[in-house]
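As a plain string of letters, each chain reads:
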Amino acid sequence: MYGKVILSMVFIFLLLFSYSIFIGTIDIRSYFFPLLQQSPAVAPSVCATGPPLKVYMYDLPPRFHVGMMDHRNDDYNTPVTAENLPRWPNNSGLRKQHSVEYWLMASLLYEGGGEEREAVRVLDPEKADAFFVPFFSSLSFNTHGHTMTDPETEIDRQLQVDVVEMLYKSKYWQKSGGRDHVIPMTHPNAFRFLRQQLNASILIVADFGRYPKSMSTLSKDVVAPYVHVVDSFTDDELPDPFESRTKLLFFRGNTVRKDEGKVRAKLAKILAGYDDVHFERSSPTTEAIKASTQGMRSSKFCLHPAGDTPSSCRLFDAIVSHCVPVIVSDQIELPYEDDIDYSQFSVFFSINEAIQPGYMVDQLRQFPKERWIKMWKQLKNISHHFEFHYPPEKEDAVDMLWRQVKHKLPGVQLAVHRSRRLKIPDWWQRPR
């Protein structure tokens, strides 16, 4: 009798257990394969494939883009092709970090890659999913009176006027109100005279520090990485990277910044006197960049405090140096964050936490070696997403940016369709 009761109970248990697995309340993988449950730094969508985005690129004369790269070249009328595209100069200093606009244009000029690419150029605008405006607004600011008081600033302003006039006359701009147009503005002062007239477009920005919420938002715009200025660490194969990197924390850069960047001056005082912390005020010269390259490669953690705006090139220098970033910026937004989980390879402190004397250093000193090595390996796995190449490569920085543009297009179509029938735009925001 007892045997029948036990068999009945086992049968009922197995029935309930099988049903739980079937409806999903029990995940058997978590019991027998716990490693499968760990969150990867890169989401599965990064590996997803689909038809490439079809992009029409406006045919602007070279004075709006590559003509600013070499003042010795007086040929401002020859169309730019993959054959005559000038290479980005190696000695461009800090201009390099804002050169995303160049790499986006170059990727569209390149004709190889086929279906594996995230975006391809189409010559018929009727077939386009999106429209790219190849105006190097960041380079224009840096080239034409970047002090903002120089008379040459008028050249930058006139280029902006000419671009806006061209766009407003385009039937494809008029068709969508510019919402499906992609315009790079990675320098915080890029397109500063007329940027409000382009606020409906998909802007490629480094962060939102200098943009009002009415103009630029995470819902419609794309956050791009800075182009790193230090050399990539391509042979980082030491048997014990944790012990080989003898410095705990590294920072080298300007400490006199605006807005949130004022935290740098406070950190300079707080971090002084530690033997295992290198905090140095420096200007971005060629020699300083070489010193930063070596310093990042020999440090476990690299400090990334806010600058004049919430982000800076230093974060991406750290990533390609496989130095775990320590991010101190309360308003930072990060590239490709729907595809990449930065918490898997970065450490975050609020500004209030970071300016508590001793707190940040104590936390980093107690950081487990095993966890650091895990982050170091993740950095090596994801760093190719922050490399800019020509010809473009699969899942490099430009490929990832075009994927982000593709993610924005459903929202663009919704906005375009609503705009065609609404008599009172944005009625839900009006007071009742």
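Residues numbered from 1 in each chain as written. Predicted model: local features only at pLDDT ≥ 70, side-chain atom pairs only at ≥ 80, totals over all residues. Heavy atoms only, no water.

*Asks:* Sorry, what's going on with unusual backbone geometry here?
*Replies:* Apart from glycine, the bulk of residues carry a negative phi angle, and the bulk of peptide bonds sit in the trans form. Here the bond from Tyr390 into Pro391 is cis, since omega is 0°, no more than 30 degrees from zero. Topologically, Pro391 is positioned in the loop between helix 13 (369–382) and helix 14 (397–419). One non-glycine residue, Phe191, lies in the positive phi region at around 55°. Classification of Phe191 by relative accessible area gives buried; the value is 1%. (Helix = DSSP H or I, 4+ residues; strand = E, 2+ residues; numbered from the N terminus. Buried < 20%, exposed > 50% of the residue type's maximum accessible area, 1.4 Å probe, protein only.)

*Asks:* How do you make sense of the state of the cysteines when you look at a structure like this?
*Replies:* Note: disulfide means a covalent bond formed between the sulfur atoms of two cysteine side chains. Tallied over the full model, the rule gives one disulfide. Across the disulfide, Cys302 is cross-linked to Cys323 (sulfur-sulfur distance 2.2 Å). Its S-S torsion of approximately 105° makes the covalent link between Cys302 and Cys323 right-handed. Here Cys302 is found in strand 9 (residues 299–305), whereas its partner Cys323 is found in the loop between helix 10 (314–320) and strand 10 (324–328), with 21 residues between them in sequence. Cys302 sits in the buried class, given a relative accessible area of 1%. (Disulfide = S-S within 2.5 Å.)

*Asks:* Teacher, can you tell me more about helix 14 here?
*Replies:* Helical geometry: 3.6 residues make up each α-helical turn, so side chains three or four residues apart lie on a common side. Spanning 23 residues, helix 14 covers 33 Å between terminal C-alpha atoms, matching the ideal 33 Å at 1.5 Å per step. Along its length, helix 14 shows its largest kink, about 30°, at Leu409, and proline Pro410 lies within four residues downstream of that point. (Expected span 1.5 Å × (residues − 1). Bend = angle between axes of the 7 residues up to and from the residue.)

*Asks:* Which parts of the structure should I look at to understand the pattern of salt bridges?
*Replies:* Between side chains of opposite charge, a pair can form when the charged atoms approach closely. In this structure the tally under the stated criterion is 14 salt bridges. The shortest N-O distance in the salt bridge between Glu280 and Arg252 comes to 2.6 Å. A residue pair is termed long-range when its members are at least 10 positions apart, and Glu280 in strand 8 (residues 277–281) and Arg252 in strand 7 (residues 247–253) qualify at 28 residues. Looking at Glu280, the relative accessible area reads 26%, which means it is partly exposed. Taking the relative accessible area as the measure of exposure, Arg252 reaches 17% and is therefore buried. With a closest N to O distance of 4.0 Å, Lys290 and Glu287 form a salt bridge. With Lys290 and Glu287 both in helix 9 (residues 286–297), this residue pair falls three residues apart, about one helical turn. Classification of Lys290 as exposed rests on a relative accessible area of 52%. Bridged by salt links that share partners, the residues Glu118, Glu395, Arg403 and Lys406 form one connected network. (Salt bridge = Lys/Arg side-chain N within 4 Å of Asp/Glu carboxyl O.)

*Asks:* Got a minute to help me understand the sheet that holds strand 10 in this structure?
*Replies:* By way of backbone hydrogen bonds, the strands of a sheet pair with one another, either parallel or antiparallel. The five strands are arranged 8-7-9-10-11 in an open sheet whose pairing can be described as parallel. The open sheet terminates on both sides in strands that have one partner only, identified here as strand 8 and strand 11 (347–348). One ladder, built from two bridges, connects strand 10 with strand 11; its direction is parallel. Looking across to strand 11, one finds that Val326 is bridged to Val347. In the packing of helix 9 onto the sheet, contacts are made with strand 7 and strand 9, and the angle to strand 7 comes to roughly 160°. Against the sheet, helix 13 engages strand 9, strand 10 and strand 11, with an angle of about 95° to strand 10. (Pairing = 2+ DSSP bridges. Contact = heavy atoms within 4.5 Å. Axes fitted to C-alpha atoms, helices over the stretch in contact; angles between N-to-C directions.)

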